[in-house]
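# Summary of the model geometry
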There are 4 protein chains.
Amino acid sequence: MIITGDFMKHIFKYRARYVECDQMGYVHNSVYYIYFEEARSDLLRANQYSYSRLENDDGVMLPLIESNAKFKQPIKYDEEIIIEVSFSYIKKISCKIDYIIKKLNGEVACEGYTIHAFMDSKKRKLRRIPGEVISIIEKYLN
Amino acid sequence: MIITGDFMKHIFKYRARYVECDQMGYVHNSVYYIYFEEARSDLLRANQYSYSRLENDDGVMLPLIESNAKFKQPIKYDEEIIIEVSFSYIKKISCKIDYIIKKLNGEVACEGYTIHAFMDSKKRKLRRIPGEVISIIEKYLN
Amino acid sequence: MIITGDFMKHIFKYRARYVECDQMGYVHNSVYYIYFEEARSDLLRANQYSYSRLENDDGVMLPLIESNAKFKQPIKYDEEIIIEVSFSYIKKISCKIDYIIKKLNGEVACEGYTIHAFMDSKKRKLRRIPGEVISIIEKYLN
Amino acid sequence: MIITGDFMKHIFKYRARYVECDQMGYVHNSVYYIYFEEARSDLLRANQYSYSRLENDDGVMLPLIESNAKFKQPIKYDEEIIIEVSFSYIKKISCKIDYIIKKLNGEVACEGYTIHAFMDSKKRKLRRIPGEVISIIEKYLN
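Because the structure is a prediction, the values reported are computed rather than measured. Along each chain, residue indices are assigned from 1 in the same order as the chain's sequence is written. As they are written, the chains are lettered A onward and the ligands numbered 1 onward, keeping that order. In keeping with the predicted nature of the model, local features appear solely for residues at pLDDT of at least 70, side-chain atom pairs appear and are counted solely at 80 or more, and the whole-chain, interface and lining totals rest on all residues. Heavy atoms throughout the structure, all of them, feed into the side-chain values; hydrogens and water do not.

### Brief notes about the relation of the copies chain D and chain C
The test is simple: Alignment of copies: least-squares fit on C-alpha atoms of residues with pLDDT of at least 70 in both copies. What makes two residues a contact is simply this: any of their non-hydrogen atoms within 4.5 Å.
You can overlay chain D on chain C at an RMSD of 0.0 Å; the transform is a turn of 180° with a shift of 0.0 Å along its axis. This pairing of chains is accounted for by a two-fold axis. For chain D, the minimum C-alpha distance to the rotation axis belongs to D:Gln23 and amounts to 2.0 Å. Of the interface residues in chain D, 100% have counterparts in chain C that sit at the interface too, so the contact is made through matching surfaces.

Written out as structure tokens, the structure is:
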């Protein structure tokens with residue numbers, strides 16, 4: 001975690017896997033969205049929460065409404081990267097998460113975002129999320 | 001579907017996807033097991049059944065007990081292959097499925113098998129499968 | 001392929017795989033980008049070209065500059081979908097491809113796009129693509 | 001790394017990802033083979049070698065000849081596991097690697113192996129591997 005001005009970014013470190021690379025020798029475009037997912041899960045975990053607790057205990061799913069990635073530099077097999085995670089906004093039934101993937105030399109490899117709805121996992125209807133999760137998110141609002 | 005002696009093999013045609021190939025330029029070893037899964041699903045579908053019907057309507061899951069693959073020849077991106085599916089045995093609560101992946105020239109690319117348990121999807125206990133599924137499987141016993 | 005007004009859309013039919021679905025029971029968000037990839041490969045193939053020919057014979061790669069998806073309705077395991085593909089633009093060294101994923105009842109499940117650069121696969125520098133490919137793309141300009 | 005009698009096992013810790021789980025709620029059977037791959041890569045890395053060095057600098061690929069997994073207990077999303085890696089044998093142009101996946105309570109979730117050929121990445125012919133890699137492997141011979 002780093003503090004940038006008056007908000008925090010969560011920092012997730014990762015090393016690109018063999019299976020994630022295509023025959024161009026680079027991480028496949030679809031895999032970046034898995035990196036985003038791992039990074040946001042790790043943010044919750046670093047704050048003593050977890051997505052599995054949210055889904056199983058709280059009965060809340062966070063399906064995606066939209067996702068976006070801008071690819072700046074390719075990532076190779078075994079390359080170490082860091083993913084910075086922060087939030088653009090949180091509303092009653094949705095939130096927007098921002099991601100920046102950097103190489104170890106600081107170069108930006110990818111910028112992206114995901115927008116999530118808050119959904120009751122049984123009724124499959126929109127609902128609010130627990131206050132404790134809101135408090136976590138508010139620390140990372142950019 | 002082809003008839004070999006006195007039993008049938010199900011034939012599943014497939015074309016290797018870009019995302020399935022690694023930086024050696026070949027289909028990744030883990031992907032063959034997805035091919036096996038697609039091939040056995042297609043067998044059910046060709047017999048007017050489906051794995052989703054089994055899981056949702058009949059409440060039966062088919063978790064794997066074991067899987068195995070012998071890799072003979074690599075498969076390239078966009079290469080067309082056929083997967084032959086038949087059954088070694090069906091018992092009360094398990095079955096063994098055999099797969100042969102061939103190139104269009106008849107060369108064998110891979111041979112493998114999966115062994116499945118029959119499990120109640122709610123109780124998560126072993127159980128029998130519907131007679132209709134047994135009848136399908138018996139047609140393909142090798 | 002369908003003709004909409006004065007341009008064509010390529011139609012790619014698909015059935016969601018088991019491995020593509022997560023524990024919410026829906027196709028995972030990252031997999032939509034694989035569907036996009038399969039759909040644009042299929043467009044080339046339907047026009048007697050192929051991405052492997054482009055990459056191997058012509059020495060051209062089409063790395064992504066950006067990708068985006070808006071998720072409207074979830075897709076379940078074994079569900080049949082169609083993916084409509086057309087092009088927003090083609091420039092000297094890039095193009096933008098649009099995708100609409102529909103359920104069999106016509107409902108839109110997802111809308112998205114990918115922007116690609118044209119790159120020399122050996123020099124890893126930007127370059128033009130073969131005229132034959134441009135001609136194909138122009139038929140699908142929306 | 002742990003020492004068992006007179007040989008060492010490499011220990012790779014991992015946490016199951018969301019995308020790796022299917023709609024049964026368990027890690028998909030094909031993903032175990034990716035875990036095996038990550039575990040053997042990590043063994044090399046822990047010994048100041050790497051698979052990328054092997055493939056890029058030494059020009060050696062390690063394609064699979066065979067892979068096998070016996071599934072004992074399912075693994076859930078977010079569950080922490082450890083993967084123990086050791087070698088059954090190393091020959092001139094092949095080796096066999098053994099894997100045991102355990103839950104944190106010590107229960108065995110999966111046992112498996114992979115057999116690899118040593119191949120020249122350019123000539124695509126069988127060859128020996130560097131002595132330095134042989135020395136690493138010999139420490140983990142079970």
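### Focus: the interface of chain A and chain C
Where we set the bar: Note: buried area is the sum, over both parts, of the accessible area (probe 1.4 Å) each one loses when the two are combined. What counts as a salt bridge is simple: a side-chain nitrogen of Lys or Arg found within 4 Å of a carboxyl oxygen of Asp or Glu. For the purposes of these results, a polar contact is taken to be a pair of N or O atoms within 3.5 Å, where, inside protein, one atom must be able to donate a hydrogen and its partner to accept one; residues adjacent in sequence count only when each atom of the pair is a side-chain atom. Starting at the N terminus, helices and strands are each numbered in turn, a helix being any DSSP run of H or I of at least four residues and a strand any DSSP run of E of at least two.
Across the contact, 23 residues belong to chain A and 23 residues belong to chain C. Both faces considered, chain A and chain C share a buried interface measuring about 2,100 Å² in area, 45% of it formed by carbon and sulfur atoms. A salt bridge links C:Glu66 to A:Lys70; its shortest N-O distance comes to 3.9 Å. Taken together, chain A and chain C are joined by 17 residue pairs in polar contact (both at pLDDT 80 or more). Those elements giving two or more residues to the side of chain A that touches chain C turn out to be α1 (31-46) and β4 (64-71) of chain A.

### Here we look at unusual backbone geometry
In this model, C:Arg124 sits at a positive phi of 55°, which is unusual for a non-glycine residue. Tracing the backbone shows C:Arg124 in the loop between β8 (119-120) and α3 (131-139). The backbone of D:Gln48 sits at a positive phi, close to 60°, despite the residue not being glycine. Structurally, the position occupied by D:Gln48 is in the loop between α1 (31-46) and α2 (51-57).

### Some points on the pattern of salt bridges
For the record, the criterion: Only protein chains enter the area calculation, which uses a 1.4 Å probe; residues under 20% of their type maximum are buried, those over 50% are exposed, and those in between are partly exposed.
What the rule picks out here adds up to 48 salt bridges over all chains. In this structure, B:Arg17 engages B:Glu20 in a salt bridge whose closest nitrogen and oxygen atoms are separated by 3.8 Å. Classification of B:Arg17 as buried rests on a relative accessible area of 5%. A salt bridge links B:Arg45 to B:Asp42, with the shortest nitrogen-to-oxygen separation between them at 3.4 Å. Of this pair, B:Arg45 and B:Asp42 both sit in helix α1 (residues 31-46), three residues apart, which is roughly one turn of that helix. For B:Arg45, a relative accessible area of 22% gives the class partly exposed. Residue class for B:Asp42 comes out buried when judged on its relative accessible area of 18%. Shared partners join several salt bridges into a network, and the residues in it are A:Arg15, A:Asp78, A:Glu80, D:Asp42 and D:Arg45.

### A closer look at α1(D)
Residue and element names in this part refer to chain D. For clarity, the cut-off: By this rule the span expected of a helix is its residue count minus one, scaled by 1.5 Å.
Between its terminal C-alpha atoms α1 stretches 22 Å, which fits the 22 Å expected from 16 residues at 1.5 Å a residue. With respect to burial, α1 is a largely interior element, 14 of its 16 residues being buried. Two residues or fewer after α1 comes Gln 48, characterised by a positive phi angle close to 60°.

### Quick look at the interface of chain D and chain C
Here is the rule we go by: Three classes are used, and their members are as follows: Ala, Val, Leu, Ile, Met, Phe, Trp, Tyr, Cys and Pro are nonpolar, Asp, Glu, Lys and Arg are charged, and the others, Gly among them, are polar.
Of the residues lining the interface, ten residues belong to chain D; the matching set on chain C comes to ten residues. A buried area of about 900 Å², summed over both sides, lies between chain D and chain C, and 57% of it is on carbon and sulfur atoms. A per-residue breakdown of the area chain D buries against chain C is headed by D:Tyr18, D:Val19 and D:Gln23, which together make up 61% of the total. Summed over the shared surface of chain D and chain C, the number is zero salt bridges. Where chain D packs against chain C, one counts zero residue pairs in polar contact (both at pLDDT 80 or more). Counted by class, the side of chain D that touches chain C contains five nonpolar, four polar and one charged residues.

### Regarding the environment of A:Tyr35
All names here are of chain A. Relative to the helices and strands, Tyr 35 is located in helix α1. Considering only alpha carbons, one finds Tyr 35 and Glu 80, 45 residues apart in sequence, at a separation of 12 Å. Setting aside residues up to four positions removed in sequence, Tyr 35 forms contacts with Tyr 14, Ala 16, Arg 17, Glu 20, Val 27, Ile 81, Ile 83 and Ile 101.

### Brief notes about the pairing of strand β6 (residues 94-103) of chain C
Residues and elements named next belong to chain C. Where we set the bar: Criterion used throughout: strands pair if DSSP finds at least two bridges between them.
In terms of residue burial, β6 counts as a mostly covered element, since eight of its ten residues are buried. In terms of strand pairing, strand β5 (residues 80-90) meets β6 through nine bridges, oriented antiparallel. For Ile 90, the partnering residue across the bridge sits in β6 and is Cys 95. Of the strand pairs in this sheet, β6 and strand β7 (residues 108-117) are connected by nine bridges, and their pairing is antiparallel. For Cys 95, the partnering residue across the bridge sits in β7 and is His 116.

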